[in-house]
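Descriptive analysis of the structure
Each chain, written out:
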Amino acid sequence: MRRSGLLGVAVARLRHDRTRAALVVLGIALATFAVVILASVGAGVMETGQAKFDQSGRDLWMTGGPVSLGAAGGGVGTGITDAHRLQADLEEREDVQTAIALAFRTVYVSNDSRRFETVIGAGAPAVDEAVSITEGRGFTDGDPHYAGGSYDGPMTREVVIDPRTAALLDVGVDDTLYVGGTPRTAAENAFRVVGVSPTFSNFLGSPTVVLHLSELQTVTGTTGTDSATLLTVDLVEGASVARAEREIQARYPEYDVRTNREQLESTLRDQAVVIASGTSLVVFAVVAGVAVTVNVLVSYVYQRRRELAALKAVGVSTRTLVAVTLLQALVLGVCGGAVGTVLAALAVPVLNAVAAALVGFEGVVSLRADVLLAGAGLAVGTSVLAGAAASARVGRLDPLELLE
């Protein structure tokens, strides 16, 4: 009965000073919101990255160095050389079903050879495993321009675009698109759109155009080394991924051979500064949330010190006042935590839509129950801590000094 009475007193005091209580709840809610959103971004990036690698359907990834997006005219890493030969050698293994060499270069594209946009150009072999076509017939078989390494065979002049490029340039199947590593080269190389595919734009989060590997190398000037960004390997059913990884790594020590999970971890390590910044933001949000909550609740008690001193003077025990203060902090923490988590849950779809529009990736903010619970728990725990600090101030109140 005593506990319910104290809780009633605490709630009544908060209702009596609604404006100040609402501001405290708002401060706690904002701190909770910041922590939940930043933690959700971190979780979402990991989940999105893993999903992209899993969706690729590949067992092993071979790279020759860090994979990172370059500036206009650059690429996404070109560490693999003699890519066509390497691809053919790997496909001779009994445990390999397909090996696909992929090159990514920043290219200039235009629908009229005068006004150019920069997008990611992907070079891929003409196989279904490399490019999934959703509209149009797709590439013709083979890579005739490569011609055994002489690069003097006929160019198919075929290009597959993604939906974002189609919208950007207002082109579709059977339209003409000019593509090249420089505006001048692009103006000299007309390609016919033979299909639409979201395959690489989903993976890269950027507008893309896909050419035969040798033709992308020709229009970007990388035929001399037959360079590629990476090579993916799909094993036959039942083959041991670990064994294939060991054997291929031993055969090609100059390259890095990784599983899906290892490639994701490597990519994240290459972005250590970004990850460290994100972690710092989460830590900052937690520290700031604790500081704000403690300061607000202590200030709340300080501003009501004369009222508390009067209660103490008329016989209300210090223990009772401390208990009421702690209950007030708990109520404010529960309310602030609830408001903050609800706001975060409502904001996640909006933030995901913004992220998809800006960077092309969906689901980069992951709404997870454990993150929401952690945010709410932090709000309540911080409020209890703040309540303890405020209670210490209550215990030191001197009625005679304050009521003179």
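The following paragraphs examine the structure supplied in this document.

About the cut-offs
- Chains are numbered independently. Their residues run from 1 in the order of the written sequence.
- Local features in this predicted model are restricted to residues whose pLDDT is 70 or higher, and side-chain atom pairs enter the listing and the counts only when it is 80 or higher, whereas totals over whole chains, interfaces and linings include all residues.
- Just so you know, side-chain values use all the structure's heavy atoms and leave hydrogens and water out.
- Secondary structure is summarised from DSSP: a helix means a run of H or I of at least four residues, a strand means a run of E of at least two, and numbering begins at the N terminus for each.
- In this scheme, a residue with accessible area under 20% of its type's maximum is buried, one over 50% is exposed, and one in between is partly exposed, where area comes from a 1.4 Å probe on protein chains only.
- Contacts: residue pairs with any heavy atoms within 4.5 Å of one another.
- Only the protein chains shown count as cover for residues, and all accessible areas are computed by the Shrake-Rupley method using a 1.4 Å probe.
- Note on patches: the residues involved have over 30% relative accessible area and no salt bridge, like charges join within 9 Å, and the nonpolar side chains Val, Leu, Ile, Met, Phe, Trp and Tyr join within 5 Å.
- Each reported salt bridge corresponds to a side-chain nitrogen of Lys or Arg within 4 Å of a carboxyl oxygen of Asp or Glu.
- To qualify as a nonpolar core, a set must consist of buried Ala, Val, Leu, Ile, Met, Phe, Trp, Tyr and Cys residues joined through side-chain atoms within 4.5 Å.
- Pairs of N or O atoms are called polar contacts if they sit within 3.5 Å, as long as, within protein, a hydrogen donor faces a hydrogen acceptor (for residues adjacent in sequence, only side-chain-to-side-chain pairs).
- Between the rings of Phe, Tyr and Trp (Trp by its six-membered ring), a pair exists once the centres lie within 6.5 Å; its type follows the angle of the planes, with under 30 degrees stacked, over 60 edge-to-face, and the other angles tilted.
- For two strands to be treated as a pair, DSSP must find no fewer than two bridges joining them.

**Some thoughts on the overall build of the protein**
If you tally the helices and strands in the protein, you get 14 helices and ten strands. Burial analysis of the protein (404 residues in total) assigns 44% to the buried set. Excluding contacts between residues fewer than 6 apart, the proportion of contacts in the protein whose partners are at least 24 apart in sequence is 79%. Carbon and sulfur atoms provide 59% of the accessible area of the protein, an area that totals close to 19,300 Å².

**Remarks on a nonpolar patch on the surface**
Together, Leu 23, Leu 26 and Leu 30 give the surface a local cluster of nonpolar side chains, amounting to about 300 Å² of exposed area. By the element assignment, Leu 26 lies in helix H2 (residues 18–55). According to the relative accessible area criterion, Leu 26 is partly exposed, its value standing at 45%.

**A closer look at the nonpolar core**
Judged by nonpolar contacts, the single largest core of 37 residues is most densely connected at Met 62, Leu 90, Ile 161, Leu 177, Val 209 and Leu 231. With six residues, the top contributor of residues to this core is strand S2 (residues 96–110). If you look at the next biggest cluster of nonpolar residues, it comprises 15 residues, including Ile 100, Phe 104, Val 131 and Val 210.

**Describing the environment of Tyr 146**
Relative to the elements of secondary structure, Tyr 146 occurs in the loop between strand S4 (135–136) and strand S5 (158–161). Between the alpha carbons of Tyr 146 and Thr 218 there is a distance of 9.5 Å; along the sequence they are 72 residues apart. With residues up to four places along the chain from it excluded, the contact list for Tyr 146 reads His 84, Arg 85, Tyr 151, Ser 214 and Asp 226.

**Section: the environment of Met 155**
Structurally, Met 155 is set in the loop between S4 and S5. Sequence separation between Met 155 and Pro 144 is eleven residues, and the spatial gap between their C-alpha atoms is 6.8 Å. Those residues in contact with Met 155 that lie beyond four places of it in its chain are His 145, Phe 191, Glu 215 and Val 219.

**Some details on the side chain of Glu 158**
Note on placement: Glu 158 falls in strand S5. Side chain to side chain, Glu 158 and His 212 meet in a polar contact 3.3 Å long. Contact partners of Glu 158, with chain neighbours within four places excluded, come to Arg 137, Phe 139, Thr 140, Phe 191, Arg 192, Val 194, Val 210, Leu 211, His 212 and Glu 215.

**Observations concerning the packing of aromatic side chains**
For the coordinates displayed, the defined rule picks out two aromatic pairs. The interplanar angle of 70° and the centroid separation of 5.6 Å between the aromatic rings of Phe 104 and Phe 200 together place this pair among those described as edge-to-face. One end of the pair, Phe 104, is in strand S2; the other, Phe 200, is in helix H6 (residues 199–204), with 96 residues separating them in the sequence. The exposure classification of Phe 104 matches that of Phe 200, with both residues buried. When the ring of Tyr 146 is compared with that of Tyr 151, the centres are 5.3 Å apart and the planes differ by 90°; the resulting orientation is edge-to-face.

**A closer look at the pairing of strand S1 (residues 60–63)**
Burial along S1 is two-sided: the residues Leu 60 and Met 62 and Trp 61 and Thr 63 are all buried. Pairing of S1 with strand S9 (residues 230–235), which is carried by four bridges, proceeds in the antiparallel orientation. Paired with Thr 63 across the two strands is Leu 230, which belongs to S9. Bridge count between S1 and strand S10 (residues 256–259): four bridges; the pairing is antiparallel. Within S10, the residue paired with Trp 61 across the bridge is Arg 258.

**Side note on the pattern of salt bridges**
Within the structure shown, the criterion is met by eleven salt bridges. Among the salt bridges present, the one from Asp 89 reaches Arg 85, with a minimum N-O distance of 2.6 Å. A residue pair is termed a helical-turn pair when its members lie 3 or 4 positions apart in one helix, as Asp 89 and Arg 85 do in helix H3 (residues 83–91) at four residues. Taking relative accessible area as the criterion, Asp 89 reaches 24% and is therefore assigned partly exposed. Through salt bridges with shared partners, one network takes in Arg 93, Asp 95, Arg 243 and Glu 247.

Keep in mind that these numbers describe shape and distance, not what the molecule does.
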